[in-house]
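A look at the structure
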Amino acid sequence: MASTSTSLIPLRGHGRKASFSSSPAKTALKKALRFSFSSRSSVVICVKSSSGAVKYNEVVVDEEMDKIRRLQNGSDVRGVALEGEKGRTVDLTPPAVEAIAESFGEWIIKALQKERGRPVEDVTVSLGKDPRISGASLSVAVFAGLARAGCLTFDLGLATTPACFMSTLLPPFAYDASIMMTASHLPYTRNGLKFFTKKGGLTSPEVEEICDKAAHKYANRLTKVSTMLNSPPKKVDFMRAYAKHLRDIIKERVNHPIHYDTPLKGFQIILNAGNGSGGFFTWDVLDQLGADTFGSLHLNPDGMFPNHIPNPEDKTAMALTRAAVLENTADLGIVFDTDVDRSGVVDNNGNPINGDKLIALMSAVVLKEHPGTTIVTDARTSMELTRFITDRGGHHCLYRVGYRNVIDKGVHLNQDGVETHLMMETSGHGALKENYFLDDGAYMVVKIIIEMVRMRLEGSDEGIGSLIKDLEEPLESIELRMNIISEPKYAKARGREVIEAFRSYIEEGQLKGWALDACGDCWVSEGCLVDSNDSPAAIDAHMYRAKVSNEKNEEIGWVHIRQSIHNPNIAINMQSSVPGGCQLMTKVFRDKFLMVSGMGKTLDFSQVDKYARLGKMG
């Protein structure tokens, strides 16, 4: 009898699907795929044909698993929940959400058992949602998944992201964990999940672990239909308690000498909620504190967002708010995003305050309370903002783009003994040490309102805009986008290749006058403290910043390139201190990098090309 030798062929997460010529081979494959395995492990499949000869084939991880893993969006989960986006298919389905929620529930139970050193019972999890029209069906899936994991569930109904976190802390609620269902400012067709424990939001590695477990569950379930709820979750009116929490903060810190309970009496404040979850702030906070809110906009929740994108960066949102402030001679305008973890404001003169201006305003307020503190921002902020902060005795730490990166940097600095009270990204995400390091648009506005009232009590007739009147703006500033030409599942890898090639080109001296900014591991230098964190968490996206000098070795500006975590594209931010500097840097980027390196073949860089030729977006 002839001997038969068997080779082992590893099963990997990416590769060519095997084809089997015989039905016994297919049967063997089906049996093998019943076992769960991690994307990082190798599984060996050895298939014997009917003729007795052994054939070897490399088999890829089931595509069903990749569907779930691709839903991870940094420290969140996001996807397309409804048809309607050209070129995008629905991937955030009820079965997918159920698997993720079940895995989160199991993760929470395991974490609590490890923390307490004993088995746990009656683990409680709350769920809030923004007004998106996909919220109802996906909520059922979340509750079903949590029930499968053995958790007790509580329905907060229409809520905000900061409120969901606070539901884990404020008595008598104090749930073990919470989920917010939202896709922030993204179109009505999208939705997503944000996860919280009493310690704050989950990190990207933690969400990756949860999605990996969910991928196994989803791929091994024969029926992709969400479980029906055996019993509905308990409904609670948490937003009433959360609004009282915000009112109490304003009353206590203003401590008005005449009307303590109505410290906003005599102020007109206009809120633009963008038909998101933020309308409560008008009737449950501002009105209750005595403010006149006549002229407020789009307060009623509408998941189709019919008026404009709920986003403090949106030009329409800010323009409408500005017009309402001027028409009503209001003292302040407020713009929230959909789930109220971001905000922007308009001062009494109609000046929009967002981006660098909002960071400057919050820095001015925080530095009054905590002289000499460090303020962390992302690496797209201007050199003028650095001067603004340092002129007031503060320290400016520039760090990676991504609000979780910025917040986590502040947490690490405080742990290392560097007092850091404010962390803000240019998108409007902002967190304060005093508020559990939570990115909370409502709390930011509360701080601004308190300062506005204090200024009037001190005899000032100027609005909050006067606090940033000496902030200079960069001479030129531009953001360009390049779409990645690839199947969605390969887009991140392609984007990473482009960005790493950009780094290599600079390090090899192929872009004359360009040099990587570097400080510790954060790749920016202006005002940045040395990164003393020995074990930084995985970053959400690849990014680098380069300073650019002319032939005379005079610095003319900087270029920041990063991979979007929301969409398959690459963003390029530029600022320049000389006229025409941004167009010049764009031409070099196009001609000396994209065209020469060949990376332009994998990108739609028409916007870059147009700006290089015309010096303008249109």
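Values in this document were obtained by computation on a predicted structure and should not be read as measured data.

Calculation notes
- Residues numbered from 1 in each chain as written.
- Predicted model: local features only at pLDDT ≥ 70, side-chain atom pairs only at ≥ 80, totals over all residues.
- Heavy atoms only, no water.
- Helix = DSSP H or I, 4+ residues; strand = E, 2+ residues; numbered from the N terminus.
- Buried < 20%, exposed > 50% of the residue type's maximum accessible area, 1.4 Å probe, protein only.
- Contact = heavy atoms within 4.5 Å.
- Areas by Shrake-Rupley, 256 points an atom, 1.4 Å probe, with all protein chains shown as cover.
- Expected span 1.5 Å × (residues − 1).
- Arc of directions from axis to C-beta.
- Pairing = 2+ DSSP bridges.
- Axes fitted to C-alpha atoms, helices over the stretch in contact; angles between N-to-C directions.
- Phe/Tyr/Trp six-rings, centres within 6.5 Å; stacked < 30°, edge-to-face > 60°.
- Lys NZ or Arg CZ within 6 Å of the ring centre and 35° of its normal.
- Core = buried A, V, L, I, M, F, W, Y, C linked by side-chain atoms within 4.5 Å.
- Domains from an automatic or database assignment.
- Left-handed = near helix turned anticlockwise from the far one by under 90°.
- Salt bridge = Lys/Arg side-chain N within 4 Å of Asp/Glu carboxyl O.
- Right-handed = clockwise from strand over helix to strand, strands pointing away.
- pLDDT = per-residue confidence, 0-100.

1. Topic: the overall build of the protein
Looking only at helices and strands, the protein has 16 helices and 26 strands in total. For the protein, buried positions account for 55% of its 618 residues. Considering only contacts within the protein whose residues lie at least 6 apart along the sequence, 70% involve residues at least 24 apart. Approximately 26800 Å² of the protein is accessible, and the part contributed by carbon and sulfur atoms is 50%.

2. Side note on helix H9 (residues 315–327)
For H9, built from 13 residues, the straight-helix expectation of 18 Å at 1.5 Å per residue is met to within 8% by its first-to-last C-alpha distance of 18 Å. Taken residue by residue, H9 has Ala-317, Met-318, Thr-321, Ala-324 and Val-325 as its buried positions. Down the axis of H9, the sector holding all buried residues measures 130°, keeping them to one side. In H9, those exposed residues whose orientation departs by more than 90 degrees from the buried face are Lys-315 and Glu-327.

3. A look at the sheet that holds strand E15 (residues 343–346)
The strand order across the open sheet built from four strands is E13-E14-E15-E16, with neighbouring strands paired in mixed fashion. At either end of the open sheet lies a strand with only one pairing partner, and these are strand E13 (269–272) and strand E16 (352–353). Both E15 and E16 contribute to a ladder of two bridges, which runs antiparallel. Within E16, the residue paired with Val-345 across the bridge is Ile-353. Sheet strands touched by helix H13 (residues 441–457): E13, strand E14 (332–336) and E15. Its angle to E14, the strand with the most contacts, is close to 170°.

4. Focus on the packing of aromatic side chains
Aromatic ring pairs: the centre-centre distance and the angle between the two ring planes describe each pair. Using the criterion set out here, one finds 16 aromatic pairs in the structure. With centroids separated by 6.4 Å and ring planes inclined at 25°, the aromatic side chains of Phe-238 and Tyr-242 adopt a geometry described as stacked. With Phe-238 and Tyr-242 both in helix H7 (residues 238–254) and four residues apart, this pair spans about one turn of that helix. Ring centres 6.2 Å apart and planes at 85° place the aromatic pair Phe-280 and Phe-281 in the edge-to-face group. The same class applies to Phe-280 as to Phe-281, namely buried. Here a set of aromatic residues connected by ring pairs shows up, and it is made of Phe-154, Phe-173, Tyr-175, Phe-238, Tyr-242, Phe-280, Phe-281 and Phe-336. In this structure, Arg-392 packs its charged tip against the face of Phe-388, placed 3.6 Å from the ring centre. One Lys or Arg, Arg-545, reaches over the ring of Trp-558 and ends 4.5 Å from the middle of that ring.

5. Notes on helix H6 (residues 204–220)
Each α-helix winds once per 3.6 residues, and so residues spaced three or four apart point in a common direction. When the terminal C-alpha atoms of H6 are compared, their 24 Å separation across 17 residues agrees well with the 24 Å that a helix rising 1.5 Å per residue should span. All buried positions along H6 are accounted for by Ser-204, Val-207, Ile-210, Cys-211, Asp-212, Ala-214, Ala-215, His-216, Lys-217 and Tyr-218. If you follow the buried residues of H6, they end up packed against helix H2 (63–69), strand E5 (72–73), strand E6 (76–80), helix H3 (94–116) and strand E10 (190–197).

6. So, the environment of Thr-374
Its location among the elements puts Thr-374 in strand E17 (residues 374–378). Remark: the alpha-carbon pair of Thr-374 and Thr-420, spanning 46 residues in sequence, is separated by 4.6 Å.

7. Thoughts on the nonpolar core
Judged by nonpolar contacts, the single largest core of 71 residues is most densely connected at Ile-269, Phe-281, Ile-334 and Ile-449. At eleven residues, H13 tops the list of elements feeding residues into this core. Looking at this core, you find at least three residues from each of domain 1 (67–236) and domain 2 (240–467). If sequence neighbours within four positions are ignored, Phe-281 has contacts with Leu-246, Leu-271, Leu-286, Ile-334, Phe-336, Ala-442, Val-445, Val-446 and Ile-449. One finds Ile-68, Ile-100, Trp-107 and Ala-141 within the second-largest nonpolar core, a separate group that totals 39 residues.

8. Thoughts on the packing of helix H10 (residues 356–369) against H13
For the pair H10 and H13, interaxial distance at closest approach is 11 Å and the crossing angle is 65°. Of the two possible hands of crossing, H10 and H13 adopt the one that is left-handed. Two secondary-structure elements touch here, H10 through Leu-358, Leu-361, Met-362, Val-365, Lys-368 and Glu-369 and H13 through Met-444, Lys-447, Ile-448, Glu-451 and Arg-454.

9. Comments concerning the pattern of salt bridges
Across all of its chains, the model carries 41 salt bridges by this definition. With its nearest N and O atoms 3.9 Å apart, the salt bridge here joins Lys-217 to Glu-102. Taken together, the residues Lys-217 in helix H6 and Glu-102 in helix H3 connect sequence positions 115 residues apart. Here Lys-217 and Glu-102 have matching classes, each one buried.

10. A word on the pairing of strand E18 (residues 395–399)
Most of E18 is tucked away, with four of its five residues classed as buried. Here five bridges tie E17 to E18, and the two strands are oriented parallel to one another. Pairing of Val-376 across the sheet is with Cys-397, part of E18. Handedness of the crossover joining E17 and E18 through helix H11 (residues 383–391): right-handed.

11. Thoughts on the sheet that holds strand E21 (residues 476–484)
Neighbouring strands of a sheet are bound in pairs by backbone hydrogen bonds; such pairs are parallel or else antiparallel. Sheet architecture is open: six strands sit in the order E22-E23-E24-E25-E21-E26, paired in antiparallel fashion. Since the sheet does not close on itself, it has two edges, and those belong to strand E22 (514–516) and strand E26 (603–604), each with one partner. Both strand E23 (residues 543–549) and strand E24 (residues 555–563) contribute to a ladder of seven bridges, which runs antiparallel. Its bridge partner being in E24, Tyr-544 is matched across the sheet by Ile-561. On top of the sheet, helix H15 (residues 581–597) reaches E21, E22, E23, E24, strand E25 (569–576) and E26; it is set at about 140° to E25, its chief contact. Sheet strands touched by helix H16 (residues 606–614): E21, E25 and E26. Its angle to E21, the strand with the most contacts, is close to 145°.

12. Describing the side chain of Glu-102
With relative accessibility at 8%, the residue Glu-102 sits in the buried group. When neighbours within four sequence positions are excluded, Glu-102 is seen to be in contact with Gly-145, Leu-146, Arg-148, Ala-149, Lys-217 and Arg-221.

13. Describing the confidence of the model for the protein
Model confidence for the protein is summarised by a mean pLDDT of 86, while 84% of its residues fall at 70 or above. Taken together, the stretch residues 1–61 has pLDDT below 50 and engages in 76 contacts with residues farther than four places along the chain or on a different chain. The low-confidence segment residues 534–540, where pLDDT is below 50, has eleven contacts with residues more than four positions distant or belonging to other chains.

14. Some words on unusual backbone geometry
Note the cis peptide between Pro-171 and Pro-172, where omega equals 5°. Backbone geometry at Asn-255 places phi at a positive 50°, although glycine is not the residue there. Mapped onto the elements, Asn-255 comes out in the loop between H7 and E13. With a phi angle near 65°, Tyr-436 is a residue other than glycine that sits in the positive phi range.

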